[in-house]
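Understanding the architecture of this molecule
These are the residues of each chain, in order.
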Amino acid sequence: MMALGDKDMFPAAGGPMRHVPVLLTEVLRWLDPKPDQVIIDGTFGAGGYSRAVLDLGARVLGVDRDPDAIAGGQGLVKDAGGRLVLVQGQFAGLETHARDNGFDAVDGVVLDLGVSSMQLDEAGRGFSFLRDGPLDMRMEQAGPSAAEVVNELPVKDLIRVIGLLGEEKRATTVAHAIDAARKEKPFSRTLELAGLIEKALGRSPKKAQIHPATRTFQALRIYVNGELHQAAEALGAAERILKPGGRLVLVSFHSLEDRIVKRFFQDRTRTRGGGSRHMPEQDVPPATFELLTRKAVEAAVDETDVNPRARSAKLRAGLRTEAAARDLDIHAAGVPRLAEFHGLGG
């Protein structure tokens, strides 16, 4: 079995693993998987978390919306000898996936809310503004692509998507530049869009290492894949499928995701309804989680030196109580309302 301090968890750069699981030691600490427990890895990816959990003797239900990830995990399924089941689907539906596979309650749920480095590194998937490829960005390889959004979304809605999901302060400039260019020729390639954005915004000497298209590409990826909707809905699903004493561990990579996770735990661990001298204290439902991490857990220097992706990662974890699960308002949890586009937004 793998020890929590095992250095093999962090392969050297350029080693045999294409994807290094972020905060793996910390994930295992807070997830605390035991032999024969059932753990849902809602973002299977390259199987880094799942492999480590299996090594500790637990069973795993792995979920991933990317068919390439499911195909790539079949070797691990074979090696696990019946202790790993893989399901292609969205992690927002993890409760359904669990019940469909005979699990009415589970001992743990872990979610890595960031995009897989394997997807970013593959030019043909269209996530990167540094490599030329089709302007796609679809994790499931189905549904509206980034090119369709860029070419068809009304400019006022494009401003809102880029501004809110990319936190791009000059979203209006970017959106109007896109609108003018798409009237001449629709966008189809990643570098076409990246080049236009760089021309529209220019390069800041103070931020020379940050490409001007970074925030816009982030916004399009999040919108195309409904990432914030997925994250919020997955929190509600995890609350419903976890047994009392079960653990929920989440790793996020940017402020939008982390804000949703933080608000969820604040609401679900609250035992008092505030109140003041002007207003009486409000009744609140029983807490459904006990907070395990009082503040976000971040990667240690030795991990970030090996895996720079870990620098922005934040881990939060909670312990399921016996209280009944509640309905979840995803917009109150921090998911912005955006224009609907062929099933996206809303």
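Here's a quick rundown of the structure. Quick caveat, the model's predicted, so the values are computed rather than measured. (Residues numbered from 1 in each chain as written. Predicted model: local features only at pLDDT ≥ 70, side-chain atom pairs only at ≥ 80, totals over all residues. Heavy atoms only, no water.)

1. A few points about the packing of helix α9 (residues 171-184) against helix α10 (residues 190-201)
Remark: α9 packs on α10, axes separated minimally by 10 Å, with the N-to-C direction vectors making an angle of 125°. Put simply, α9 runs oblique to α10. The two elements α9 and α10 cross, and the hand of that crossing is right-handed. Between α9 and α10, the contacting residues are T173, V174, A177, I178 and A181 on the first element and L193, L196, I197, A200 and L201 on the second. Within the contact of α9 with α10, the residues separate by chemical class into 9 nonpolar, 1 polar and no charged. (Axes fitted to C-alpha atoms, helices over the stretch in contact; angles between N-to-C directions. Helix = DSSP H or I, 4+ residues; strand = E, 2+ residues; numbered from the N terminus. Parallel < 35°, antiparallel > 145°, perpendicular 65-115°, else oblique. Left-handed = near helix turned anticlockwise from the far one by under 90°. Contact = heavy atoms within 4.5 Å. Nonpolar A, V, L, I, M, F, W, Y, C, P; charged D, E, K, R; others polar.)

2. Brief notes about the pattern of salt bridges
Applying the stated criterion across every chain, the model contains 21 salt bridges. Notably, a salt bridge pairs D136 with R138, separated by 2.7 Å at the nearest N-O pair. Where R268 meets D267, a salt bridge forms, and the shortest distance between an N and an O atom there is 2.7 Å. D267 gets classed as partly exposed once you look at its relative accessible area, which sits at 28%. Because the salt bridges share partners, they merge into one network encompassing E239, D267, R268, R270 and R326. (Salt bridge = Lys/Arg side-chain N within 4 Å of Asp/Glu carboxyl O. Buried < 20%, exposed > 50% of the residue type's maximum accessible area, 1.4 Å probe, protein only.)

3. Let's talk about the packing of aromatic side chains
In this structure the tally under the stated criterion is 3 aromatic pairs. Between F264 and F289, the aromatic rings sit 5.8 Å apart at their centres with planes inclined by 65°, giving edge-to-face as the arrangement. Of the two residues, F264 sits in helix α13 (residues 255-268) while F289 sits in strand β6 (residues 289-291), which places them 25 residues apart along the sequence. F264 gets classed as buried once you look at its relative accessible area, which sits at 2%. (Phe/Tyr/Trp six-rings, centres within 6.5 Å; stacked < 30°, edge-to-face > 60°.)

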